[in-house]
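# Examining the three-dimensional arrangement
Chain by chain, the residues:
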Amino acid sequence: MKKKTTILLTRQKGLNETDALRFAQAGYEVLVCPLLTLRFLSIPKDVQKSLTQADWALFTSQTPVPQIVPLLRKQTKIAVIGEKTAKAVCKLNREVDFISPQETKRAFLATFKEVYPQAGRVFYPKSQLADDYIETQLQTTAKVTSQVTYLNLPAKDGLKRCSKLLQEKAIDGVYVTSPSAAKRFLAVAEETGITSQLLYFAIGATTQAYLAKRGIASRLISELERVDGNC
């Protein structure tokens, strides 16, 4: 019987179950090896004031949702990028008022600005690795308060295990869910010299673009169902 292709999942602990099922249903074996860990930060009082006065809260990731959503007023609207982020909001018994038609910042901004040309006050929680693209692009239609509410840090144990799996040739590919995760994986993979021998799956266009800049072709996770079976 032909050995199934093994894909490495790299999200933080507790967020790989849905992805594991998706790959398994497509005929892949999966191994989980988180390459990042999170550290949540306290929110300064002056920022809390902006948060409670916001007309909109914008989430580009599900990570800050449990920390921020309970602090929002009932009348504060919520905009998200991604179905998983939307589900995280719904788990806290809040409705999502706007969801991006595509899981990219560019698509979100184009549609959001068109539908809400005067969005008012927007609160945007993010990690220290996020750029200022959202703030820059929204500044003509909204007053944006962005705040680093958590740190995205390398998971040292996960990186060591990843290196071992690569050296043992125990994986055939990897699924990366952000440019930072891709960067961390490639730093380890390049040490083994097998970077170009792997299959790469990316969560969205931004991560895929980062891989392309590094000279690596990848498939979007949305194309997974169209991949030839591995059974």
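## A closer look at the overall build of the chain
- Helix and strand content of the chain: nine helices and 11 strands.
- Overall, the chain is about 60 × 35 × 35 Å in size when its C-alpha atoms are taken along their principal axes.
- Counting over 231 residues, the chain shows a buried share of 46%.
- Split by element, the accessible area of the chain, about 12,300 Å² in all, is 50% carbon and sulfur.

## Description of the nonpolar core
- Judged by nonpolar contacts, the single largest core of 23 residues is most densely connected at Leu 8, Cys 162, Leu 166, Phe 185, Leu 186, Tyr 200 and Leu 211.
- In this structure Leu 211 touches Val 176, Ala 182, Leu 186, Tyr 200, Ala 202, Ile 216 and Ser 218, once residues within four positions along its chain are discounted.
- Counting residues in each nonpolar core, the second largest holds 16 residues, with Ile 43, Phe 59, Val 65 and Ile 68 among its members.

## Some details on the packing of helix H7 (residues 156-167) against helix H8 (residues 179-192)
- Remark: H7 packs on H8, axes separated minimally by 9 Å, with the N-to-C direction vectors making an angle of 40°. When the axis of H7 is compared with that of H8, the two are oblique. Handedness of the crossing formed by H7 with H8: right-handed. Residues Leu 159, Cys 162, Ser 163, Leu 166 and Gln 167 of H7 form the contact with H8, whose own contacting residues are Arg 184, Phe 185, Val 188, Ala 189 and Thr 192.
- Broken down by class, the residue content of the contact of H7 with H8 amounts to six nonpolar, three polar and one charged.

## Observations regarding the packing of aromatic side chains
- Going through the model one piece at a time under the given rule, you end up with 13 aromatic pairs.
- Where Tyr 28 meets Phe 201, the ring centres are 5.9 Å apart and the plane angle is 80°; that geometry is what we call edge-to-face. Taken together, the residues Tyr 28 in the loop between helix H1 (17-25) and strand S2 (29-32) and Phe 201 in strand S10 (residues 199-202) connect sequence positions 173 residues apart.
- Ring pairing ties together the aromatic residues Trp 56, Phe 98, Phe 108, Phe 112 and Tyr 116, which thus form one cluster.

## Looking at the sheet that holds S2
- Spatial strand order, S2-S1-S9-S10-S11: five strands in an open sheet with parallel pairing. What marks the edges here is a single partner per strand, and that holds for S2 and strand S11 (219-220).
- As paired elements, strand S9 (residues 173-176) and S10 share four bridges and run parallel to each other. Note on S10: the bridge partner recorded for Gly 173 is Leu 199.

## A few points about the environment of Leu 92
- Along the chain, Leu 92 falls in the loop between helix H4 (83-90) and strand S6 (98-99).
- Put simply, Leu 92 and Pro 66 are 26 residues apart on the chain and 7.6 Å apart in space, counted from C-alpha to C-alpha.
- When sequence neighbours within four positions are dropped, the list of residues in contact with Leu 92 reads Val 65, Pro 66, Val 69 and Pro 70.

## Some thoughts on the sheet that holds strand S8 (residues 142-154)
- With respect to topology, six strands assemble into an open sheet ordered S3-S8-S7-S4-S5-S6, the strand pairing being mixed. The open sheet has two free edges, formed respectively by strand S3 (36-40) and S6, since each of these has just one partner strand.
- Sheet analysis places strand S4 (residues 56-59) next to strand S7 (residues 120-127), joined by two bridges and oriented parallel. Looking across to S7, one finds that Ala 57 is bridged to Phe 123.

## A word on the confidence of the model for the chain
- On average, residues of the chain carry a pLDDT of 91, and 96% of them reach 70 or more.
- No element of the chain has a lower mean pLDDT than S11, which averages 90, and none a higher one than strand S5 (residues 77-80), which averages 98.
- Long-range and interchain partners of residues 226-231, a stretch whose pLDDT sits below 50, account for 10 contacts in this model, where long-range means more than four residues apart.

## Some details on the side chain of Asn 16
- In this fold, Asn 16 is placed in the loop between strand S1 (6-9) and H1.
- The class for Asn 16 is buried, based on a relative accessible area of 4%.

Rules and cut-offs
One numbering rule holds for all chains: residues counted from 1, following each sequence as written. Under the rules for a predicted model, residues below a pLDDT of 70 receive no local features and side-chain atom pairs below 80 are neither given nor counted, while totals for whole chains, interfaces and linings still include all residues. The basis for every side-chain value is the complete set of non-hydrogen atoms in the structure, without hydrogens or water. Starting at the N terminus, helices and strands are each numbered in turn, a helix being any DSSP run of H or I of at least four residues and a strand any DSSP run of E of at least two. Note on classification: 1.4 Å probe, protein chains only; a residue is buried when its accessible area is under 20% of the maximum for its type, exposed when over 50%, partly exposed between these limits. All accessible-area figures derive from a Shrake-Rupley calculation using a 1.4 Å probe, and residue coverage is judged against the displayed protein chains alone. What is meant by a nonpolar core is a set of buried Ala, Val, Leu, Ile, Met, Phe, Trp, Tyr and Cys residues, joined one to another through side-chain atoms within 4.5 Å. Only heavy atoms enter the contact rule, under which two residues are in contact if any of them lie within 4.5 Å. Think of each axis as a best-fit line through the C-alpha atoms, taken over the contacting stretch in the case of a helix, with angles from 0 to 180 degrees between the N-to-C directions. Any angle from 65 to 115 degrees is called roughly perpendicular, while one under 35 is roughly parallel, one over 145 is roughly antiparallel, and all others are oblique. Each helix crossing is assigned a hand: it is left-handed if the near helix lies turned anticlockwise from the far helix by less than a right angle, otherwise right-handed if that turn is clockwise. Put simply, Ala, Val, Leu, Ile, Met, Phe, Trp, Tyr, Cys and Pro go in the nonpolar bin, Asp, Glu, Lys and Arg in the charged bin, and everything else, Gly too, in the polar bin. To pair, rings of Phe, Tyr and Trp, with the six-membered ring standing in for Trp, must have centres within 6.5 Å; the planes then decide the type, stacked if under 30 degrees apart, edge-to-face if over 60, and tilted in the middle. At least two DSSP bridges between two strands are needed for those strands to be called paired. Per-residue confidence from the predictor is reported as pLDDT, a score between 0 and 100.

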